[in-house]
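Each chain, letter by letter, is given below.
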Amino acid sequence: MSKKTVLVSGGAGFIGSHVTVELIEAGYDVVVADNFSNCDMTCFEGVQKIIGRKLPLEKMDFCDEAAAKAIFKKYPIDAVIHFAAFKAVGESVEQPLKYYKNNLVSFMNVLEAAEEAGGCNVLFSSSATVYGEPEKVPVTELTPRQPAMSPYGNTKTMCEDILQDTVKASGGKLRGILLRYFNPIGAHPSALIGELPRGVPNNLVPFITQTAIGKREILSIFGNDYPTPDGTCQRDFIDIVDLARAHVFAVTRMIEGKMKKGVEIFNVGTGRPLSVMELVNAFEKVNGVKVPHKFAPRRAGDITAIWADPTLANNELGWKATRSIEETLKAAWAWECRLAGK
Ligand code: UD1
């Protein structure tokens, strides 16, 4: 059987670069496309080091309709994984149009180009943010979605609907999988790729690693009065390599025609809740470093607790999270140390 080709839009970013490595290790050809609006070449170069060869790279913006169509003509694309999107929750509240324009237009261009090229398998990177503050945890894929708390979250919900409608109307040309990520953290065990936030990190783990290394003075833990066992929020922190592997299972399921309907949805989480405080303590213990921290007021828009019921992904995709939180937090620290040249 000839090798299948996967286009990874936003493939030079944090999740995209890890997914690229796992796809290649599973025997796929990968074309990485990125406009480098929110990353540099570090992860792309890291990917090439890990796999030991050069990869096709297309510097392009999927908001450019002609460019999106051209790439589907240039390569025999069997599946596309769409990551190319803005992702800062706070910024999306301040600049909603920037988010709606970029995140929606780029995805619609991908779908149109894929359909015009004769059809394709489409994987969209959705988020647990679509569940809002759930009434019951863990959440299954049948847990109702809630109105988004930010324009960023809204773009995830809207792209889910755009995919559903487009697949339905495509007469079998398109199929899709929506992966709803919980909180992806960590880095590749090689420490050659990882998270590289610009400016002050919004997310917890990059803030922890930057504080531990001395780049930030102190970690603020947003809220210790939540109705949880220790008062801090609970999340489902999923190792980035485990998360990346879920994409390989999903792409293979689409390409092998094993889907049970036009669009399938899977939660990608561990099923294990961990509080912010537990995560900080685990990081300190496993890496033998201190993370200066203090309690601060709650952050607007944060929910109390969410974690996945990953049963459907376990049973249908045959995927399961395997890496321990200790391994994940060691990898996150090794990556930060490498960035600092230590
Ligand atoms: C956010 C987004 C989510 C996105 C995810 C990954 C929302 C509501 N959340 O998730 O859609 O997929 O990022 O990019 O849209 N925390 C601190 N101090 C810090 C940073 C974070 O205490 O300096 C706490 C937060 O209050 C929260 C937890 O750590 O309780 C996790 O925060 P974060 O890493 O930002 O992820 P989420 O907000 O869960």
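Model, not experiment: these values are computed from the prediction. (Residues numbered from 1 in each chain as written. Predicted model: local features only at pLDDT ≥ 70, side-chain atom pairs only at ≥ 80, totals over all residues. Heavy atoms only, no water.)

1. Side note on the overall build of the protein chain
As a reminder of what qualifies: A run of DSSP states H or I qualifies as a helix once it reaches four residues; a run of E qualifies as a strand once it reaches two. Both are numbered from the N-terminal end. Radius of gyration: C-alpha atoms only; globule rule: 2.2 Å multiplied by the number of residues to the exponent 0.38. Three exposure classes are used, based on accessible area relative to the maximum for each residue type with a 1.4 Å probe and protein chains only: buried under 20%, partly exposed in between, and exposed over 50%. Note on contacts: a residue pair qualifies if any of its non-hydrogen atoms lie within 4.5 Å across the two residues. What sets the accessible areas is the Shrake-Rupley method with a 1.4 Å probe; for residues, cover comes only from the shown protein chains. For this count, His and the chain ends are skipped, Lys and Arg are scored as positive, and Asp and Glu as negative. Charged groups are reduced to one reference atom each: NZ for lysine, CZ for arginine, CG for aspartic acid, CD for glutamic acid.
When helices and strands are counted, the protein chain shows eleven helices and 13 strands. What you see for the protein chain is a C-alpha radius of gyration of 19 Å, in line with the 20 Å of a compact globule of 342 residues. Per-residue burial for the protein chain yields a buried fraction of 55% across its 342 residues. A fraction of 80% describes how many contacts in the protein chain between residues 6 or more apart in sequence connect residues 24 or more apart. Total accessible area on the protein chain is roughly 14,700 Å²; 53% of this is exposed by carbon and sulfur atoms. Computing the positive centroid from 39 side-chain charges and the negative centroid from 39, the protein chain places the two 3 Å apart.

2. Looking at the domain arrangement of the protein chain
The cut-off we apply is this: Throughout the structure description, domain borders are defined by an automatic or database domain assignment. In what follows, salt bridge is the name for a side-chain nitrogen of Lys or Arg lying within 4 Å of a carboxyl oxygen of Asp or Glu. Each residue receives one of three labels: charged for Asp, Glu, Lys and Arg, nonpolar for Ala, Val, Leu, Ile, Met, Phe, Trp, Tyr, Cys and Pro, and polar for the others, Gly being one of them.
Assigned domains within the protein chain: domain 1 (5-185 + 236-268) and domain 2 (204-235 + 271-339). Its C-alpha centre places domain 1 at a distance of 24 Å from the equivalent point of domain 2. Each partner contributes to the interface: domain 1 provides 33 residues, whereas domain 2 provides 30 residues. Run the count over domain 1 and domain 2 and you get three salt bridges. In this structure, Glu316 and Arg253 form a salt bridge, with 2.9 Å as the shortest nitrogen-oxygen distance. For the side of domain 1 that touches domain 2, the secondary-structure elements that each account for two or more residues are α2 (42-51), β7 (183-185), β10 (237-239), α8 (240-255) and β11 (263-268). Residue composition of the side of domain 1 that touches domain 2, grouped by class: 19 nonpolar, five polar and nine charged.

3. A closer look at the side chain of Thr228
Defined as follows: Here a polar contact means two N or O atoms within 3.5 Å. Within protein one must be a hydrogen donor candidate and the other an acceptor candidate, and residues neighboring in sequence count only if both atoms are side-chain atoms.
Tracing the backbone through its elements, the reader meets Thr228 in the loop between β8 (219-222) and β9 (234-235). From its side chain, Thr228 meets the backbone nitrogen of Gly231 in a polar contact 3.0 Å long. With near-sequence residues (within four places) excluded, Thr228 lies in contact with Gln234 and Thr304.

4. A few points about the pattern of salt bridges
Pairs can form between side chains of opposite charge once their charged atoms are near each other. Enumeration according to the criterion identifies 18 salt bridges in this entry. Glu160 serves as the salt-bridge partner of Arg180, at 2.8 Å between the closest nitrogen and oxygen. Taken together, the residues Arg180 in strand β6 (residues 174-181) and Glu160 in helix α6 (residues 151-169) connect sequence positions 20 residues apart. In terms of burial, Arg180 and Glu160 fall into one category: buried. For Glu264, the salt bridge is made with Arg253, and the minimal N-O distance between the two is 2.6 Å. Linking Glu264 in strand β11 with Arg253 in helix α8, this pair joins segments that are eleven residues apart in sequence. The pair Glu264 / Arg253 is uniform in exposure class, with both members buried. One network of salt bridges, with partners in common, ties together Glu65, Lys69, Glu112 and Glu116.

5. Here's the deal with the nonpolar core
Under the convention used in this document: What we call a nonpolar core is a set of buried Ala, Val, Leu, Ile, Met, Phe, Trp, Tyr and Cys residues that are connected through their side-chain atoms within 4.5 Å.
The biggest cluster of nonpolar side chains holds 51 residues, and the ones touching the most others in it are Val6, Ile15, Leu23, Ile81, Leu179 and Phe182. Element by element, the count of residues in this core is highest for α8, at nine residues. Of the domains in this structure, domain 1 (5-185 + 236-268) and domain 2 (204-235 + 271-339) are the two that each give at least three residues to this core. Excluding anything up to four places from it in sequence, Phe182 contacts Ala128, Tyr131, Val139, Asp236, Ile238, Asn267, Val268, Gly269, Ile306, Trp307 and Ala308. Val31, Tyr75, Leu104 and Val263 belong to the second largest nonpolar core, which has 28 residues in total.

6. Considerations on the site of the ligand
Rule in force here: Any residue with a heavy atom lying within 4 Å of a molecule or strand is counted as near it.
Leu204, Ser220, Arg235, Arg299 and Asp302 are the nearest of the 18 residues found near the ligand. One of the side-chain N or O atoms of Ser127 is found 3.4 Å from an oxygen atom in the ligand. Note that a nitrogen atom of the ligand is positioned 2.7 Å from one of the backbone N or O atoms of Ser220. Protein burial of the ligand: of its 730 Å² of free accessible surface, 88% is covered by the chains. Contributing elements (two or more residues each) for the shell around the ligand: α7 (204-213) and β8.

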